[in-house]
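Residues per chain are reported as follows:
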Amino acid sequence: MAAELIPIRLAGPTGPAPVGAVELHLVDPSRTDPWSGQAREVMVTYPAASVCDRARLPWLPAGAERALRARFGGAVDGYALPETHSADRAPARPGRRPVLLHSPGYQSDRTYNTLVIEELASWGYVVAAVDHPYDSGEVEFPDGRVVVNRPDDASDEARTAAVALRADDLRFVLDQLTVLERGGNPDARGLHGTLDLTRVGAFGHSRGGAASASVMYLDRRVRAGIDMDGALYGPVIEHGLDRPFLLMDTAVHDGLNKDGSWQPFWGHLKDWHRCLRLADADHNSFTDIVAIAPQIPEAVRNTLQIGTIPADRAVAAVRATVRAFFDLQLRDRRDTRHLLWGAAPRYPGIEYIAG
């Protein structure tokens, strides 16, 4: 008899609305993928709502999960990866809601920020979480193909090109959201009439944070953005932005003092901007990894860059900060501003740095 797998669990969202999710496979025939030579494809998950007793979406689909387990060399084979709290293919709730684009870190998957994405959805946002094939970690398509990361050469040129490709992916997804809002693409489970595309934001971790800044520079439809601990690339560094932007980092990164891309970017920001820090954290403390790490073997946990911050404190602080920023910038919820000063007693891990 096979040994029973030890379950890994993620905390559910705290908002009043149930969360559903719809996966979409989008193909852009106008762009050639630089890795495959074929039309550029992306996978997108949209949190929706109205769960209707549907099964939960897995954290990773089966093929992508096998690829991830192989990447870790069997170290997590005795563990069951978590389920999300999103009902699979649930129809959307009525009402028009702000839209957020999410880009994950390098070698990470769109589900790596499920804790934040589901939180935002439960408080009334529609979040399009985007996988970037060959740059994300493991991307599974509906026909069963699994595309894994192809490491870049770590040069500034390669990273700049990768971020530019991600920004183009996000712009393409935003174009497709416009089609959905007009009633196109019947796979979208009733998203027609639910997307307020006058209130669009973008956020991401690591390279995904760089992509969020870049898509804002390229596309004025994106009104506000967040970079969680990511170095920046491309023309946005020297030109900055004229819309609100939040930088979040760690003492390990110390972006405004040690990251040569943050310093000029900061000096060219012309609208609301702030830099906050997650105390006692490391690079992956902004992602689901901080919650998964305490549940898996220590030998793996010690490689995951999560710092010493308790997982529940990190999750609560990042969720609250991201929501407060978008509530302020896209919903004019001024009552959330105190958190963005690093002054909320409930979240002592959020520290004000500048802005």
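It should be noted that the structure appears before, not after, this text.
In this text the structure is predicted, and so the values were computed from the model without any measurement.

Calculation rules
- Residues numbered from 1 in each chain as written.
- Predicted model: local features only at pLDDT ≥ 70, side-chain atom pairs only at ≥ 80, totals over all residues.
- Heavy atoms only, no water.
- Helix = DSSP H or I, 4+ residues; strand = E, 2+ residues; numbered from the N terminus.
- Buried < 20%, exposed > 50% of the residue type's maximum accessible area, 1.4 Å probe, protein only.
- Contact = heavy atoms within 4.5 Å.
- Areas by Shrake-Rupley, 256 points an atom, 1.4 Å probe, with all protein chains shown as cover.
- Lys, Arg positive; Asp, Glu negative; His and termini not counted.
- Charge placed at Lys NZ, Arg CZ, Asp CG, Glu CD.
- Core = buried A, V, L, I, M, F, W, Y, C linked by side-chain atoms within 4.5 Å.
- Expected span 1.5 Å × (residues − 1).
- Axes fitted to C-alpha atoms, helices over the stretch in contact; angles between N-to-C directions.
- Parallel < 35°, antiparallel > 145°, perpendicular 65-115°, else oblique.
- Left-handed = near helix turned anticlockwise from the far one by under 90°.
- Salt bridge = Lys/Arg side-chain N within 4 Å of Asp/Glu carboxyl O.
- Phe/Tyr/Trp six-rings, centres within 6.5 Å; stacked < 30°, edge-to-face > 60°.
- Lys NZ or Arg CZ within 6 Å of the ring centre and 35° of its normal.
- Pairing = 2+ DSSP bridges.
- Right-handed = clockwise from strand over helix to strand, strands pointing away.

A. Region of interest: the overall build of the protein. Of the regular secondary structure elements, the protein holds ten helices and 15 strands. Dimensions along the principal axes, computed over C-alpha positions, put the protein at roughly 60 × 50 × 45 Å. When each of the 355 residues of the protein is scored for burial, the buried share is 57%. By sequence separation, contacts in the protein at least 24 residues apart represent 72% of the contacts at least 6 residues apart. Total accessible area on the protein stands at roughly 14400 Å², and carbon and sulfur atoms take up 51% of it. Computed over 39 positive and 46 negative side-chain charges, the separation of the two mean positions in the protein equals 6 Å.

B. Structural context of the nonpolar core. If you look at the biggest cluster of nonpolar residues, it comprises 53 residues, and the most contacted ones within it are Phe203, Ile226, Leu278 and Phe326. Those elements that provide at least two residues to this core are α1 (62-71), α2 (114-122), β8 (126-131), β12 (222-228), β13 (245-249), β14 (273-278), α8 (289-292) and α10 (311-331). By residue number, the principal contributor to this core is α10, which donates eleven residues.

C. View of α10. The first and last C-alpha atoms of α10 sit 29 Å apart over 21 residues, in line with the 30 Å expected at 1.5 Å per residue. Looking one or two residues beyond α10, the residue adopting positive phi is Asp332, at roughly 55°.

D. Summary view of the packing of α2 against α10. For the pair α2 and α10, interaxial distance at closest approach is 10 Å and the crossing angle is 45°. The pairing of α2 with α10 is recorded here as oblique in orientation. Seen from above, α2 lies across α10 with right-handed handedness. Contacts from Leu115, Val116, Glu119 and Leu120 of α2 reach α10 at Val315, Val318, Arg319, Val322 and Arg323.

E. Representation of the pattern of salt bridges within the structure. Overall, the coordinates contain 28 salt bridges when judged by the stated rule. Ionic pairing is found between Arg199 and Asp196, a salt bridge with its closest N-O pair at 2.7 Å. A salt bridge links Asp254 to Arg277; the shortest N-O distance between them is 2.9 Å. In this pair, Asp254 sits in the loop between β13 and α6 (255-258) while Arg277 sits in strand β14, placing the two residues 23 residues apart along the sequence. When sorted by exposure, Asp254 lands in the same class as Arg277, which is buried.

F. Spotlight on the packing of aromatic side chains. Taken as a whole, this structure holds seven aromatic pairs when the rule is applied. A ring pair is formed by Phe245 and Phe265, whose centres lie 5.4 Å apart and whose planes are at 85°; its orientation type is edge-to-face. Separated by 20 residues along the polypeptide, Phe245 in strand β13 and Phe265 in helix α7 (residues 262-267) bring together distant segments of the chain. Accessibility classification places Phe245 together with Phe265 in one group, the buried group. Three or more aromatic residues joined by ring pairs make a cluster, and in this case those are Phe203, Trp272, Phe325 and Phe326. Between the NZ or CZ atom of Arg274 and the centre of the ring of Trp341, over which it lies, the distance is 3.7 Å.

G. Focus on the side chain of His253. By secondary structure assignment, the location of His253 is in the loop between β13 and α6. If near-sequence neighbours (up to four positions away) are discounted, His253 is found in contact with Asp229, Lys258, Asp259 and Trp262.

H. Spotlight on the packing of helix α3 (residues 156-181) against helix α4 (residues 207-218). As a packed pair, α3 and α4 sit with axes 8 Å apart at the nearest point and diverge in direction by 60°. When you trace α3 past α4, the crossing you get is right-handed. For the pair formed by α3 and α4, the contact residues are Arg159, Ala162, Val163, Arg166, Ala167, Asp168, Leu170 and Arg171 on the first element and Arg207, Gly208, Ala210, Ala211, Ser214, Val215 and Leu218 on the second.

I. Seen up close, the environment of Arg9. Looking at where Arg9 falls in the secondary structure, it is placed in the loop between β1 (6-7) and β2 (20-32). Sequence separation of Arg9 and Ala80 is 71 residues, and the distance between their C-alpha atoms is 8.9 Å. With residues near it in sequence (within four places) discarded, Arg9 still touches Pro82 and Gln295.

J. Representation of unusual backbone geometry within the structure. One non-glycine residue, Tyr134, lies in positive phi territory at about 75°. Within the element layout of this structure, Tyr134 appears in the loop between β8 and β9 (138-140). You will see that Asp229, though not glycine, has its phi angle at about 65°, which is positive. Within the secondary structure, Asp229 sits in the loop between β12 and α5 (236-239). The exposure class of Asp229 is buried, given its relative accessible area of 5%.

K. Quick look at the pairing of β8. For β8, the buried fraction is high: six of the six residues fall into the buried class. With burial as the criterion, each face of β8 is covered, one bearing Val126, Ala128 and Val130 and the other bearing Val127, Ala129 and Asp131. Relative to β8, strand β7 (residues 97-103) runs parallel, the two being bridged by four bridges. By the bridge assignment for β8, Leu100 is matched with Val127. On the question of chirality, the crossover connecting β7 to the parallel β8 by way of α2 is right-handed.

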